[in-house]
Amino acid sequence: MTKPKICITYCPKCGWLLRAAWLAQELLTTFSENLSAVSLEPAEESGRFMISIQEHTDGEIIVWERKRDHGFPEAKVLKQRVRDIIDPQRSLGHSDHGKNQTE
């Protein structure tokens, strides 16, 4: 089975590269054995910030979209959403407390 890849699309004009890189590091640290890669892609349209899972059994899944989700994700919430898609049975330890915040 192919491991999923996460793509973080960010607006370079808005200065969101460091935020994207930090979230990529958080995901790679937590899901190093579950992912094939985390990529950073500069967006062509201004104001774009999106995190998606590619090469998943369901095709591409948008995990977070700045406009749809009203801002940027906290690392804890992002990890919960990614976990719920790629490995729902996995415990995230202390990050699982207050899980209903993602719904």
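Shown above is the structure to which this text applies.
In short, a report on the structure. What you see is a predicted model; the values in this text were computed from it and never measured.

Moving on: the packing of helix H1 (residues 17-30) against helix H2 (residues 75-86). Where H1 contacts H2, the two axes come as close as 10 Å, and the packing angle between them is 50°. Accordingly, the angle class assigned to the pair H1 and H2 is oblique. When you trace H1 past H2, the crossing you get is right-handed. Residue-level inspection shows Trp22, Leu23, Glu26, Leu27 and Thr30 of H1 in contact with H2, the latter providing Ala75, Leu78, Lys79 and Val82. A per-class count over the contact of H1 with H2 returns six nonpolar, one polar and two charged.

Let us now look at the environment of Val63. Its place among the elements puts Val63 in strand E4 (residues 59-65). Look at Val63 and you get buried, because its relative accessible area is 3%. Along the chain, Val63 and Arg81 lie 18 residues apart, while their C-alpha atoms are 6.6 Å from each other.

Reading guide: rules and limits
Residues numbered from 1 in each chain as written. Predicted model: local features only at pLDDT ≥ 70, side-chain atom pairs only at ≥ 80, totals over all residues. Heavy atoms only, no water. Axes fitted to C-alpha atoms, helices over the stretch in contact; angles between N-to-C directions. Helix = DSSP H or I, 4+ residues; strand = E, 2+ residues; numbered from the N terminus. Parallel < 35°, antiparallel > 145°, perpendicular 65-115°, else oblique. Left-handed = near helix turned anticlockwise from the far one by under 90°. Contact = heavy atoms within 4.5 Å. Nonpolar A, V, L, I, M, F, W, Y, C, P; charged D, E, K, R; others polar. Buried < 20%, exposed > 50% of the residue type's maximum accessible area, 1.4 Å probe, protein only.

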